[in-house]
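Spelled out, the chains give:
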Amino acid sequence: DRVERMASSAKVLLAARVDEAGGWRRAGARSAADHLAKLGGTSASEARRSLETSKQVAQLPAVADAMCKGGLSDAQAAAIAGAASVDPGATDRLLGLVETTNLTELREACLRTKTAGDPDPDARHRRIHRERSVRTFCDAEGSWNLHARGTAENGAQFELMLAPITG
């Protein structure tokens, strides 16, 4: 497992360099994430997460060190990097949780850390709004799928509009 995590971490840590080098443009890709997805045989959303984690970890040496030693999975690194980017002082505590929690518990602790590191409710609301996203697709079975993230207020409005369709 450690060897696999080390190799995977190397890919994540180098993702930002792929973006900076611009080789993805010469390869005809729409973005660095699309290029990474094609090279790695992953989804574009997974490649975007790796790219974002790579950029965040560049400012978080303790997280990069844990990744290089094979101490973090990609999912753990992404959760910790996201939270530690908001509250760098929480990095060591979050890294310590890796040994005692599962991924779901770690993600929840990281979300709590982001919330606490962003004590201004208006700033948090603006951040969530800025990071909003929606993705729709049809899967191989022919089912339409939706994944969305945004403010609670927008979610409530969306659910009201969906109720007649899904109810």
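Residues numbered from 1 in each chain as written. Predicted model: local features only at pLDDT ≥ 70, side-chain atom pairs only at ≥ 80, totals over all residues. Heavy atoms only, no water.

1. Re a positive patch on the surface
Part 1 of the reasoning: Taken together, the side chains of R48, R49, R107 and R135 present a region of like positive charge at the surface.
Part 2 of the reasoning: Along the chain, the position of R49 falls in helix α4 (residues 44–57). (Patch = residues over 30% accessible without salt bridge, like charges linked within 9 Å, V, L, I, M, F, W, Y side chains within 5 Å. Areas by Shrake-Rupley, 256 points an atom, 1.4 Å probe, with all protein chains shown as cover. Salt bridge = Lys/Arg side-chain N within 4 Å of Asp/Glu carboxyl O. Lys, Arg positive; Asp, Glu negative; His and termini not counted. Charge placed at Lys NZ, Arg CZ, Asp CG, Glu CD. Helix = DSSP H or I, 4+ residues; strand = E, 2+ residues; numbered from the N terminus.)

2. Observations regarding the environment of R25
Part 1 of the reasoning: Mapped onto the elements, R25 comes out in helix α2 (residues 23–26).
Part 2 of the reasoning: Residue classification places R25 among the exposed residues on the basis of a relative accessible area of 54%.
Part 3 of the reasoning: Distance in space between the C-alpha atoms of R25 and A66 is 31 Å, their sequence separation being 41 residues. (Buried < 20%, exposed > 50% of the residue type's maximum accessible area, 1.4 Å probe, protein only.)

3. With respect to the environment of K38
Part 1 of the reasoning: Position of K38 relative to the elements: it lies in helix α3 (residues 32–40).
Part 2 of the reasoning: A C-alpha to C-alpha distance of 17 Å links K38 and E52, two positions 14 residues apart in sequence.

4. Notes on the nonpolar core
Part 1 of the reasoning: Counting 21 residues, the largest nonpolar core has V57, V63, M67, L72, I80, L94 and C110 as its most contacted members.
Part 2 of the reasoning: Listing elements by their share of this core, those giving two or more residues are α5 (61–68), α6 (74–86), α7 (91–97) and α8 (103–116).
Part 3 of the reasoning: With six residues, α6 is the single largest residue contributor to this core.
Part 4 of the reasoning: Once you skip the residues sitting within four places of it in the chain, L72 turns out to touch R5, S9, V63, A66, M67, A77, I80, L95 and V98. (Core = buried A, V, L, I, M, F, W, Y, C linked by side-chain atoms within 4.5 Å. Contact = heavy atoms within 4.5 Å.)

5. Re a nonpolar patch on the surface
Part 1 of the reasoning: Residues V134, W144, L146, F158 and M161 make up a contiguous nonpolar surface patch of about 530 Å² in total accessible area.
Part 2 of the reasoning: For the nonpolar patch, the secondary-structure elements that each account for two or more residues are β2 (144–149) and α10 (152–166).
Part 3 of the reasoning: Within the element layout of this structure, W144 appears in strand β2.

6. Structural notes on the pairing of β2
Part 1 of the reasoning: Where strand β1 (residues 133–138) lies against β2, six bridges are found, and the strand directions are antiparallel. In the strand pairing of β2, C138 is matched with W144.
Part 2 of the reasoning: A loop of five residues connects β1 with β2, the two strands running antiparallel in sequence, and G142 in this loop sits at a positive phi of about 100°. (Pairing = 2+ DSSP bridges.)

7. As for α3
Think of an α-helix as turning once every 3.6 residues; residues three or four places apart then point the same way.
Part 1 of the reasoning: Those residues of α3 that fall on the buried side of the exposure criterion are A32, A33, D34, H35, L36 and A37.
Part 2 of the reasoning: Lining the buried residues of α3 we find α1 (2–21), α2 and α4.
Part 3 of the reasoning: At the C-terminal side of α3, G41 shows a positive phi close to 65°.

8. Describing the packing of α6 against α8
Each pair of packed helices can be summarised by the angle the axes make with each other and by the distance between the axes.
Part 1 of the reasoning: For the pair α6 and α8, interaxial distance at closest approach is 8 Å and the crossing angle is 15°. Of the possible angle classes, the one that applies to α6 and α8 is roughly parallel. Seen from above, α6 lies across α8 with left-handed handedness. Residues A75, Q76, A79, I80, G82, A83 and V86 of α6 lie in contact with α8, whose contacting residues are L103, L106, R107, C110, T113 and K114.
Part 2 of the reasoning: Taken together, the residues of the contact of α6 with α8 break down into eight nonpolar, three polar and two charged. (Axes fitted to C-alpha atoms, helices over the stretch in contact; angles between N-to-C directions. Parallel < 35°, antiparallel > 145°, perpendicular 65-115°, else oblique. Left-handed = near helix turned anticlockwise from the far one by under 90°. Nonpolar A, V, L, I, M, F, W, Y, C, P; charged D, E, K, R; others polar.)

9. What to know about the side chain of S9
Part 1 of the reasoning: Among the structural elements, S9 can be located in helix α1.
Part 2 of the reasoning: Beyond its immediate chain neighbours, meaning those up to four positions away, S9 contacts M67, L72 and D74.

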